[in-house]
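Chain by chain, the residues:
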Amino acid sequence: MSMTFDTGERRRSTDVRPVISELIDEATVFSIAEEAWSALDEVLVPQRAELSGDLISSWVEIVGPWTGSVVVSTARDTAAELARGFMGPFAPDELGDSDVADAFGEIANVVAGSVKAALPGPSAISLPEVGEGPAVRNPADQLRIDVLWRGRPLSISVQGALPALSAQ
Amino acid sequence: MRALVIDDSRTMRRIVSGILGGLGFEVRDAGHGREGLDVLDEGWLPDLVCVDWNMPVMDGLQFVSAVRSNPAWRQVTIMMVTSESEHTQIVKALAAGAHEYVIKPFTADAIRDKLALLGLLPQEALL
């Protein structure tokens, strides 16, 4: 689902488009993720590990002076475990696929809300989506952190929606 | 005491409803602002509404404005529970008529503390 926002800010075609690393850094993204997980009494360990198996992503689009997505990716069984952890004592005995998708999407929403607050505004965020995740359009406009949660790998990518500008 | 929880995420409705139910509230929920207004239109008037910001159909800010425009619902306390964490958004929500603002992620204690500030903890939660 794509959404159109009017953030109220007008820009000219000659305006320089910032890339994400000019606005925030990986330490900020990790700190945001760490805070989100600490509310669940959970700890994230910054460590790169191969994401493998049946992967799933949840993401939220940010539209403003910088436009892109916050994408959380992990293995499907880790997403299910995470959904259960997120719901804590309020998790149902049986978690269906739609329960996992809803909770996993909400995790992306929580992280994206804090990323948006760290960016220069005004910006707007979309409703969360869950699935394969958007492709990285411009590797230079991406910050990615890799972490372990309960020993399981997760990645959080803050990535631009637009391809690189061609050289003039 | 009654509470209405409005969030498009079923997960968040479960969590917030679970916390409020544990504190002794009688809880109903709705998936967006329009559904929330339908509950109020039925005559089920809550003491507290916990409402998300970003939702389809009718967002939380529109819901707050709609509730505040109806004098019959003036006594309803509204707490926004949202991932919108910028100061400007908080000011906007409070200006529209929300009483309190909780930023996701939150803990059960954070909700309880806000309710205590609002004087909305049911007697059983004080025991």
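Here goes a summary of the coordinates provided. Just so it is clear, the model here is predicted, and its values are computed rather than measured.

## Notes on the overall build of chain A
So, point 1. Scanning chain A from N- to C-terminus turns up three helices and seven strands.
So, point 2. Starting at the N terminus and ending at the C terminus, chain A contains elements arranged as α-β-β-β-α-α-β-β-β-β.
So, point 3. In chain A, buried positions account for 38% of the 168 residues.
So, point 4. Pairs at least 24 apart in sequence give 69% of the contacts found in chain A among residues at least 6 apart.

## Description of the pairing of strand β2 (residues 55–63) of chain A
Residue and element names in this part refer to chain A.
So, point 1. Counting buried positions along β2 gives eight out of nine residues, so the element sits mostly inside the fold.
So, point 2. Where β2 and strand β3 (residues 68–75) come together, eight bridges link them in antiparallel fashion. Residue pairing in the sheet places L55 in a bridge with A75 of β3.
So, point 3. Counting the residues between successive antiparallel strands, the hairpin from β2 to β3 contains four residues.

## Describing the interface of chain A and chain B
Much of the literature gives interface size as the accessible area that the parts lose upon coming together.
So, point 1. The interface is formed by 18 residues belonging to chain A together with 18 residues belonging to chain B.
So, point 2. Mapped onto the side of chain A that touches chain B, the elements with two or more residues apiece are α2 (76–87) and α3 (97–118) of chain A.
So, point 3. Element by element, the count of residues in the side of chain A that touches chain B is highest for α3 of chain A, at nine residues.
So, point 4. Classifying every residue of the side of chain A that touches chain B gives 12 nonpolar, four polar and two charged.

## A short note on the packing of helix α1 (residues 26–38) of chain A against α3 of chain A
Residue and element names in this part refer to chain A.
So, point 1. Where α1 meets α3, the closest approach of the two axes is 9 Å, and the angle between their N-to-C directions is 140 degrees. When the axes of α1 and α3 are compared, the pair comes out oblique. Where α1 crosses over α3, the two elements pack in a sense that is right-handed. Counted together, T28, V29, I32, A33 and A36 of α1 and V110, V111, S114, V115 and A118 of α3 form the full contact between these two elements.
So, point 2. Of the residues contributing to the contact of α1 with α3, the split by class is eight nonpolar, two polar and no charged.

## Here we look at helix α1 (residues 10–22) of chain B
So, point 1. Across its 13 residues, α1 of chain B extends 18 Å between first and last C-alpha, which sits within 8% of the 18 Å expected from 1.5 Å per residue.
So, point 2. For α1 of chain B, the set of buried residues is T11, M12, R13, R14, I15, V16, S17, I19 and L20 of chain B.

## A short note on the nonpolar core
All names here are of chain A.
So, point 1. Core analysis: the biggest nonpolar cluster contains 71 residues, and V70, F104 and V111 have the highest contact counts within it.
So, point 2. Examining the composition of this core, we find that 10 residues originate from one element, α3, more than from any other.
So, point 3. Excluding its chain neighbours within four sequence positions, the residues that come into contact with F104 are I56, S58, A79, L82, A83 and V130.

## Some thoughts on the packing of helix α3 (residues 60–68) of chain B against helix α4 (residues 87–96) of chain B
Angle between the axes and distance between the axes: these two values describe a pair of packed helices.
All names here are of chain B.
So, point 1. At a closest axis distance of 9 Å, the pairing of α3 and α4 adopts a crossing angle of 20 degrees. With respect to each other, α3 and α4 are oriented roughly parallel. Counting all contacts with α3, which are made through L61, V64, S65 and R68, the residues of α4 involved are K92, A93 and A96.
So, point 2. Partitioned by chemical class, the residues of the contact of α3 with α4 number four nonpolar, one polar and two charged.

## Topic: the sheet that holds strand β2 (residues 26–30) of chain B
In a beta sheet, neighbouring strands are held together by backbone hydrogen bonds and run either parallel or antiparallel to one another.
Residue and element names in this part refer to chain B.
So, point 1. Spatial ordering of the open sheet is given by β2-β1-β3-β4-β5, a layout of five strands whose pairing is parallel. Two strands in the sheet have a free side with no partner beyond their single neighbour: β2 and β5 (100–103). Geometrically, the sheet is characterised by an average inter-axis angle of 20 degrees between neighbouring strands, direction not taken into account.

Conventions used here
Residues numbered from 1 in each chain as written. Chains lettered and ligands numbered in written order. Predicted model: local features only at pLDDT ≥ 70, side-chain atom pairs only at ≥ 80, totals over all residues. Helix = DSSP H or I, 4+ residues; strand = E, 2+ residues; numbered from the N terminus. Buried ≥ 20, exposed ≤ 12 C-beta atoms within 10 Å, placed from the backbone. Contact = placed C-beta atoms within 7 Å. Pairing = 2+ DSSP bridges. Nonpolar A, V, L, I, M, F, W, Y, C, P; charged D, E, K, R; others polar. Axes fitted to C-alpha atoms, helices over the stretch in contact; angles between N-to-C directions. Parallel < 35°, antiparallel > 145°, perpendicular 65-115°, else oblique. Left-handed = near helix turned anticlockwise from the far one by under 90°. Expected span 1.5 Å × (residues − 1). Core = buried A, V, L, I, M, F, W, Y, C linked by C-beta atoms within 7 Å.

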